Structure formats: C-alpha cells, structure tokens
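Here are the chains, one letter per residue:
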Amino acid sequence: MPFIPHTERDVEQMLAAIGADSIEDLFDEIPQHLRCGELEKIPAGMNEMEITRLMRERAAQDGTPLCFLGAGAYEHHIPAAVWEITTRGEFYSAYTPYQAEASQGTLQLLYEYQTMMASLMTMDVSNASLYDGASALAEAVLMAVRANRQSKSRKILMPRTVNPVYRSVTEAIVKNQAIELIDVPFDPLTGQTDLSALAQYAGEDYAALVIPQPNFFGVLEQVDELTAWAAENKMLSIAVVNPLAMSLLKPAGEWADLGVDIVCGEGQPLGVPLASGGPYFGFMCCKQVHVRQMPGRIIGRTIDLEGKQGFTLTLQAREQHIRRSKATSNICTNQGLLVTAATIHMSLLGPEGLRRAALNSHQNTQLLKQRLTKINGVKAVFSSAVFHECVISLEADVAPLIDQLAKNHHILAGFSLQENYPELGNALLVCATETRTEQDIETYAVVLDKLINS
Amino acid sequence: MLIFEHSHEGRASNAQLSAEVPMPASLPASALRTSKPLLPEVSEMQVVRHFTRLSQKNFSIDTHFYPLGSCTMKYNPRACNTLASLPEFTGRHPLGPSLHGQGFLACMFELQEMLKEVTGMKAVSLSPAAGAQGEFAGVAMIKAYHDSRNDTARCEILVPDAAHGTNPASAVMCGYKVREIPTGKNGDVDLEALKKAVGPHTAGIMLTNPSTLGVFDRKIKDIADTVHQAGGLLYYDGANLNAILGKVRPGDMGFDVIHMNLHKTFSTPHGGGGPGAGPVGVSERLKPYLPVPMIAQKGETYVLIDEQDCPQTIGRMSAFAGNAGVLLRAYIYAKMLGREGMSRVADYATLNANYLLKRLMAVGYQAAYPDRRATHEFILTLKKQAKEHNVTAMDVAKRLLDYDFHAPTTYFPLLIAECLLIEPTETEAKETLDGFIDTMAIILEEAKTDGAMLKQAPYKLPVRRLDDVKAVKQLDVVWTNKEESA
C-alpha cells in the first residue's frame, strides 16, 4: 500500500479500540445508495521504478529547444543552491505559518522577502505573494477601486501595451464586480502608450491608470509622464513591472518622483523555472497609506513575551479566514515556496548580480535585434528603447515559420503578435536573456535567413 | 539575525555573477536606476547557511506530526518532486508549441480524466491556481449559467455557517450577496432553515461534505433537491475530499460544480503557504463555462484549447495554464496510488481519525459530536477546561509544540467554542498517533494541576508566544538599515 504504514495487527488493534468490526463500518453514515463502485477508469497503481520510467519517457518527448521566446515567462540562470534549499522538507512540506512559534523559518524568510521586494521597487510595503503576475494585476485593480477614495468610478484605464493575457485574466476576475477596463491605444511608431490619446480622459473620473514597464513589446514606457498624469487626474497608478528590470531601470516608487500607488507583476524571473507556466508567483507592493487595502498574507516583526524578536502573520483582519465575506480578497493558499526560492535567488545574486543579469539580457536582445534585422525582409517595428524583448516584422506569415523552426531546428523563434495585434502585420516578439550566447543568436539568424530567403 | 545583517558592501556570491558589461547607449540615462536596492551582499556559503538554519526553525511534515484539521498534511512523496523536476519539464516554456510538450500534455490530459473519474463530474479544467481560485471559478460559472438564461434575479449564494472563510469571500468576489445557513444540533445542515432561505433569489449553495465539523451530512440528497428545486446550483468545496476518495463522488451526490485542493488530497507540498492547485469539475450543464485553457486530445496529439474553442468560457484565471508543476506532482501521485490506492486513502484516513477520536475521548477530552462517526477529521471542544481551569484551546495548541507535535487547527469552525480540529491523515503510523494521545493526556493533566504554566507555553521553541497586537499596532513589515539590529 503506497504511503500507508499500517500492518494488519495495527488495523485489528485500532478497530478494537474504536469498537468497529471493519474499516467499512466507519463509512456507515454515508447513505448506501450514494456509494460509488470501483473507479474503473483509473489505471492500476505503479511503483516508483515504473513511474520513473514513464516520466523519463514523457520528459524525453518534450526535449530542450533553444529558447528565444519570452512574452511573460523568461529563461534565466538559477543558482543550484536556490532549489536545493527550497526543497528541503522543512520549507517544502510545511503549511501556512498559522502557528508562528513553529514557523519562524518561513516567517522570517517572508519578512526578508517583503524587505527585498519593497526595496527593489522602492515602495513602502510588500505582501507575501499572490498567484501570478496576471492575477496580481486583477487584485491590484480591485484594490485600486477600494483604495481610491477620491473616485466613485469603477473604470480603469488599461493600455493596450499591457500583456494581452494579463488584460484578459483581469477582465475575467473583475467583471463580476462591474469593474470596466478601458483600452488606451499605443503610438504605432514608438510602441509606447500614446500620451496624446490619454488626454481625452483628463478631468474625468477613473479609479486608476495601469502602467507597464517594460510593456508587452519590451518597450520602455514614458513612466514619469504617465505617473504624473494619473496623479493630476486623481487616479491611482498601478505599475505592472518585470522585477528583474527594476534592478536596472528606474524603480516604480521613483517614477515622477512621487512614485506609483501600487506595483505588481510576475515574480518568475527571480529564480523560478519556466516549467510550463507555473507555479510562479505574483508580487505586490504599495504605499503605506494603502496597506490595509492590500490582498494576501503580510508578515510583521514583533516581540515575544520575553522581548525577543519574532515574526508573525499580521493585519489578518483583511483576510478571508477572519473577515469572511468582507475580506479584501478570497486568497488563502498563495505561492510560499516560490517566494522562498525568490528570496534565496535575490540573496545569491545581490544588487550587482541582478543588475548584471538584467544588463546582459538587454545586451543580448540588442545583439539579437541587430543580427535579425540584417536579414533581408526582417525589420524592427518600434523605434523606442527596449529592456530584453523586441518586436520584429517579417514579410510572410509568422505562424508557419515558428512551426518550422520548432519542428525542424528545435528553436523557439518567439511569440506571434498576429492574433492580438493584427495591425502590426507579421510581427514577432523575440527575447534573448543572459543565458543566450552569440553563437545561439547566430544559429537562429542563419536558420531564419535560410527559411525566408531561399 | 536577518540576512541583511550578514551583508557587507562589495561582497558577492561571485560564481553567480554574469559578465561585467559597460552601460550601453541603447538605454537612455533618464530610464536608469540610480539607487542601489537593499539586497544582501553576501557570499554563497553565507546564503546557504542562513537559509538552511532558517529552515530548521520550521515544523513540517518531513519532521513532525502535523494534524492540522482541514489541511490534509499527508506525506509528500519525494518521487513526485524529483520526477516533476526533470530538466525537460522545468525548462519547458509555457508558450512553446505543443510539439515540444506532448509528454507534459499527455500527463495533464490523463490527470483531467482521472479527476473526472474520482469526482463523478463530466468535465474538468486544471487551470485554477489554488482552492480559493477554484471557488471563484466555480461561482463565476454558476453566475454565467444563470446569466445565459437571463435568470438575473438570482443574487444570493447560501453558505453554511461552518464553511471555510474562502467560500463567502469567493461568492462576494463574483458579485453575490452571502446568506448564512445555520447548522443543526447533530452537525448536519439545518434543512428547515435551508428550505426557508431558498427562493427565486438563490443562485446556489456552497457546501463541504464531509463538512468542516468532521461529519458527513447524511441529508445531502435532500439539500441537493431543495436547492435544485428552487432553481439554484450546488457547489462542492473539495477541501475534505480525502475523506471520501473512492467511496462517494460529489457528482453522484448531486453537485453541479466542484473544486479540488490537489495540495491536500493529491499530496502536493504545501510549501509554507502554497503553491496549491484548485482544478474545477462540472456537471453537463456547466461544461461550456469552464475556465481555459484545457487539454484535449486531437487524434494522436494533445493540444491546449482556449477561448476560440470554448466561446462561453468564464475566461482565464492565470497567465498560462495554472500551476503546472503542482499538477505534475499530483499526476505522479495519482499514478502511484492507482485504482485501489484511491479508496485506501479514505479507508486509512478515516481509520486514523476515528481511532484518535475514541482514544482522546477515553483519556478525558470532549468531542463536539460524540455520537457521530469521525470522517477524516474531528473536533474536540475544550469548553469544560476553559471553564474549570481557565485553559483554552490555544493554550493546549501551544503546549503541543513543546512536545514536538504541530498543533491542530484552532478556533475553526467558529461555531464550536474552544475547538481543536484534528486531521491525522492516512500516512501516519499507529505509534505516532499513540505518542500524540499520550501527550494530549499529559497536557490535560497539566491543565488540571498547573493551568498557569500552560498559558505561557510554548517554552522550547525558537520564540515564546508572540505579541500579535504589537505586530498590528506598530506595523513593521519591511526592515530598514537605519535602525540597530534587534
């Protein structure tokens, strides 16, 4: 019996203590007509050797293609120590730290995490995680509607340069509360949110403006202007950022000097592997004044009854297990283990390591852009500066090229923008992080050239 | 000591640094960061030692008996982690072509099919990231269903008073009002009160069965009929699925939609507070509304299906396909259990709970429902001890920590005074349970003879009882390097 330790003798003794004749007797309160028979469609069990063989076969089917694909999930170097320590049983198999005295390891780590994230974003406070970047943006929108006391609006200005899937997740989560997302167009030359288009909304009542950095095209937005504009128009500002980029670029808490109200995003670039899209973790930081509107767990430092420093869950009066229907969010289980990995990752890289990873990613993407646009028929689409992704356009349909590169050359060529941004033509979003080499880029370029020019 | 207090300017984990490159002209100076973030500057060994030591301050399943009620803290098989961490799986980009994902997608498709079979539902979506997100998806589907029929007067979700806090919170996130239904004397839902509460405004009811009171609601069929006849739908909170795996299926009980907590029933790690996975299953009529993406089989290949294939979907809950790595671990676990293993989980979880209950009653504890069978968990009430010795459930919980046992869930469900909700799970051996019983007997004796001592427990942990009030009033959630280290 996998994972069940009972011997026949144990069972006999336990049943005797209970006063039951059989284990079956213990289910006598379940009405007989509801009982199910054998679960025929579940296959027979496997031992560890058998499941190992199966999973190795399955893994081998997937292979390890050369990756120039980003679009919200990025391949970065993760130090060996990160997951070695994260998967220690004491972190891996513990639960939410409800018993603080027996969870000081997790709690202190989360406090350290909050400090690192708040500092990376230059914000006052951080929570202890949300599910992922997209759902974090949805929570930030809900929070902004609660927190903006100067506004009665349930409308949010949402640039089209925000990751399309983030916009659709946010829509799915907030629409049931009658919150409306208003599209803001981008400048087709720069790929930045169009400040002149924004002017038409000035003086009207909106709860918040969302500001991506970098945006979905990899392009750097005019974050100072956008932040200032939101404040002038009594809107809260919600930044949605790549956390690695914040080690190199001006952090959200310093935009327009006054800083944004809320910053959120996807934590995956901080030590979490690609792993088919999850588990990742969402992060959220805000100004002190909004802390009581923040969703998710928050850890505080306090003292014990001998005056010694300790850590505990705090501001729990915001949460579902206390406030039930009046909670700031329904979130309970969040992404603790991923935050454990991110905290160790940030500690190992330090300020210099993160900055260099960001800078090398930027450099490699510049190199990729230069090399690919040398190919006949390949052009850069936008003129603005980028972080570690850029948009190129081809003369032919992108989808079949992506398929061919994957199938015949084991290269993930990038993300097709044709479906979400048809106005950009045959556009492809490409990415080269610090893990790509000049040789990798050359390999990609040579194959692409051959495919489109022969 | 905090990691920041180990930091020295100019020190680094040098093996982790990428090449030094000059600042390129391609980034405008105005866009750049000028301040250095407060991240530790430490060596690799310092990091490893600091976090290894921190881990040692935790209780966990791997180190302790962890009978936290409603959380199903069972053994997390190591094979699940090792195999889900094969480099092809961890390296797979979520937007990569399905061609480079046939192995992964095959696992996901088979998991969907297995979850359909164990729940008796007609279709399953794996995408919700945790139980609460599964609840949100479930209630959103109920709303989409009523909306599609222009049945828009249904504005209320019924929730028993014993429900998890996530239930009412999820209903509100979907724009519903919440009405509480009381529990009857014997622990079952008060059917008469339910009959009075339902009507044309009822969108549905959210139920856990067995409930958080540790008993199986015997009148589940009447509840289902009452709500269905009023035009409402039934939501099943799968938090307690461990109790009934392979015994009775939510689909057969009449539920329209359910979520499962794979981090409970399917033994994926709790990770110090996540990640979880909260797949949802539905009856025929809710199928069109399932969240995307889902996995389908087209001929010989597996593909992700999305909004284009499911135009009535409630949409996406996360950027990609949910907590894929958690789902992989659950798949591996389910494959190892197999057909016979499923009902064995319920068998031994229930055996352990009933044994613990009977023996704890024998040493002098009071059960909240002494005449009922325990399911996979049960409730003790310390009302008597509180009254006679001024010793609370919290005191007993804290004292257990001194004896190297994690505490049960305390003060939940809210309607039982001074309660401990105890869930041993099937993976604990009899001698562990016996050790726990002996300790509980000792603590009961301590309560009688030295209650004041219990009020100060724990004594042997890294910290003593913490000042939660100070933590709220003098909010300190971010360390700053201006202050002296404590």
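Conventions and cut-offs
Residues numbered from 1 in each chain as written. Chains lettered and ligands numbered in written order. Predicted model: local features only at pLDDT ≥ 70, side-chain atom pairs only at ≥ 80, totals over all residues. Helix = DSSP H or I, 4+ residues; strand = E, 2+ residues; numbered from the N terminus. Rg over C-alpha atoms; globule rule 2.2 N^0.38 Å. Buried ≥ 20, exposed ≤ 12 C-beta atoms within 10 Å, placed from the backbone. Contact = placed C-beta atoms within 7 Å. Pairing = 2+ DSSP bridges. Axes fitted to C-alpha atoms, helices over the stretch in contact; angles between N-to-C directions. Expected span 1.5 Å × (residues − 1). Arc of directions from axis to C-beta. Domains from an automatic or database assignment. Nonpolar A, V, L, I, M, F, W, Y, C, P; charged D, E, K, R; others polar. Core = buried A, V, L, I, M, F, W, Y, C linked by C-beta atoms within 7 Å. Parallel < 35°, antiparallel > 145°, perpendicular 65-115°, else oblique. Left-handed = near helix turned anticlockwise from the far one by under 90°.

K.L.:
Looking at this structure, how should I read the overall build of chain B?
P.N.:
The helix and strand tally for chain B stands at 15 helices and 13 strands. Compactness check: chain B gives a C-alpha radius of gyration of 25 Å against a globular reference of 23 Å for 486 residues, within 12% of the reference. By residue count, 60% of the 486 residues in chain B fall in the buried class. In chain B, the share of contacts with a sequence separation of at least 24, taken over all contacts with a separation of at least 6, comes to 74%.

K.L.:
What exactly am I supposed to notice about the overall build of chain A here?
P.N.:
Along its length, chain A carries 13 helices and 15 strands. The principal-axis extent of the C-alpha atoms belonging to chain A is close to 80 × 60 × 50 Å. The buried share of chain A, taken over its 454 residues, is 61%. Nonlocal contacts in chain A, meaning residues at least 24 apart in sequence, comprise 75% of its contacts between residues at least 6 apart.

K.L.:
What am I meant to see in the sheet that holds strand β11 (residues 378-381) of chain B here?
P.N.:
Sheets are built from strands paired through backbone hydrogen bonds, the pairs being either parallel or antiparallel. Residues and elements named next belong to chain B. Across the sheet, 4 strands lie side by side as β10-β11-β13-β12; this open sheet has antiparallel pairing. Across the chains shown, the open sheet's two edge strands, defined by having one partner strand only, are β10 (366-367) and β12 (409-410). The pairing of β10 with β11 spans 2 bridges and is antiparallel. Counted as the bridge partner of Ala367 is Leu380 from β11. Those strands touched by helix α10 (residues 324-362) are β10, β11 and β13 (419-422), and its axis lies near 15 degrees from that of β11. Of the strands in this sheet, β12 and β13 touch helix α12 (residues 393-402), which is tilted by about 45 degrees from β13.

K.L.:
What exactly am I supposed to notice about helix α13 (residues 438-453) of chain A here?
P.N.:
Two residues of an α-helix separated by three or four positions point the same way, owing to the 3.6 residues in each turn. Residue and element names in this part refer to chain A. Along its 16 residues, α13 runs 22 Å from first to last C-alpha, staying within 8% of the 22 Å computed at 1.5 Å per residue. Burial in α13 covers these residues: Ile441, Tyr444 and Leu448. End-on, the buried residues of α13 take up no more than an arc of 65 degrees, which puts them together on one face. Exposed and facing more than 90 degrees away from the buried side of α13 are Glu438, Gln439, Glu442, Lys450 and Asn453. In the core, the buried residues of α13 are packed alongside α11 (336-372) and β13 (411-412).

K.L.:
Would you take a moment to explain the sheet that holds strand β15 (residues 427-431) of chain A for this structure?
P.N.:
Residue and element names in this part refer to chain A. One open sheet accounts for 4 strands, arranged β11-β12-β15-β14; its pairing is antiparallel. Each end of this open sheet is capped by a strand with a single partner; those strands are β11 (379-380) and β14 (415-416). Of the pairings in the sheet, the one linking strand β12 (residues 389-393) to β15 comprises 5 bridges and is antiparallel in character. If you follow Ile392 over to β15, its bridge partner there is Leu428.

K.L.:
Explain the domain arrangement of chain B here, please?
P.N.:
Where interface size is given, it is often the accessible area lost as the parts come together that is meant. All names here are of chain B. Domain annotation of chain B identifies domain 1 (79-337) and domain 2 (344-470). Placing the centre of domain 1 and that of domain 2 at their C-alpha centroids yields a distance of 31 Å. The interface of domain 1 with domain 2 comprises 19 residues on the first partner and 16 residues on the second. Within the side of domain 1 that touches domain 2, the residues separate by chemical class into 9 nonpolar, 8 polar and 2 charged.

K.L.:
In this structure, what is going on with the interface of chain A and chain B? I would like to understand it.
P.N.:
In this assembly, 164 residues from chain A lie in contact with 170 residues from chain B. The greatest single-element share of the side of chain A that touches chain B, amounting to 21 residues, is contributed by α11 of chain A. Partitioning the side of chain A that touches chain B into residue classes produces 82 nonpolar, 53 polar and 29 charged.

K.L.:
Please explain the nonpolar core as it appears in this structure.
P.N.:
Looking at soluble globular proteins, one finds that nonpolar side chains tend to be buried together. Counting 314 residues, the largest nonpolar core has Val141, Ala144, Ala208, Ile238 and Ile262 of chain A together with Leu327 of chain B as the members making the most contacts within it. No other element matches α10 of chain B, which puts 22 residues into this core. With residues up to four places along the chain from it excluded, the contact list for Ala144 of chain A reads Ala207, Ala208, Leu236, Ile238 and Ile262 of chain A.

K.L.:
Would you mind going over the environment of Tyr302 of chain B with me for this structure?
P.N.:
The residue Tyr302 of chain B is located in strand β9 (residues 301-305) in this model. Between the C-alpha atoms of Tyr302 of chain B and Glu20 of chain B, which are 282 residues apart in sequence, the distance is 44 Å.

K.L.:
Before we go on, may I ask you to explain the domain arrangement of chain A in this structure?
P.N.:
With domains assigned, chain A is organised as domain 1 (8-62), domain 2 (66-76 + 352-453) and domain 3 (80-344). Distance between the C-alpha centres of domain 1 of chain A and domain 3 of chain A: 41 Å.

K.L.:
Could you clarify how one ought to interpret the environment of Val386 of chain A in this entry?
P.N.:
Residue and element names in this part refer to chain A. Inspection of the secondary structure puts Val386 in the loop between β11 and β12. By C-beta crowding, Val386 is classed as buried, having 23 other C-beta atoms within 10 Å. Sequence separation between Val386 and Gly218 is 168 residues; the distance between their C-alpha atoms is 5.1 Å. Setting aside its immediate chain neighbours within four residues, Val386 contacts Pro214, Gly218, Val219, Leu220 and Thr365.

K.L.:
I keep staring at the packing of helix α6 (residues 133-147) of chain A against helix α7 (residues 164-174) of chain A and nothing clicks. Help me out?
P.N.:
Each packed pair of helices is defined by two parameters, the angle between the axes and the distance between the axes. Residue and element names in this part refer to chain A. Here α6 crosses α7 at 50 degrees, and the two axes come no closer than 8 Å. Looking at the two axes, α6 sits oblique to α7. In this structure, the crossing between α6 and α7 has a hand that is right-handed. Packed against α6, whose contacting residues are Gly133, Ala134, Ser135, Leu137, Ala138, Val141 and Leu142, the element α7 presents Val165, Tyr166, Val169, Thr170, Ile173 and Val174 at the interface. Its residues placed into classes, the contact of α6 with α7 shows 10 nonpolar, 3 polar and no charged.

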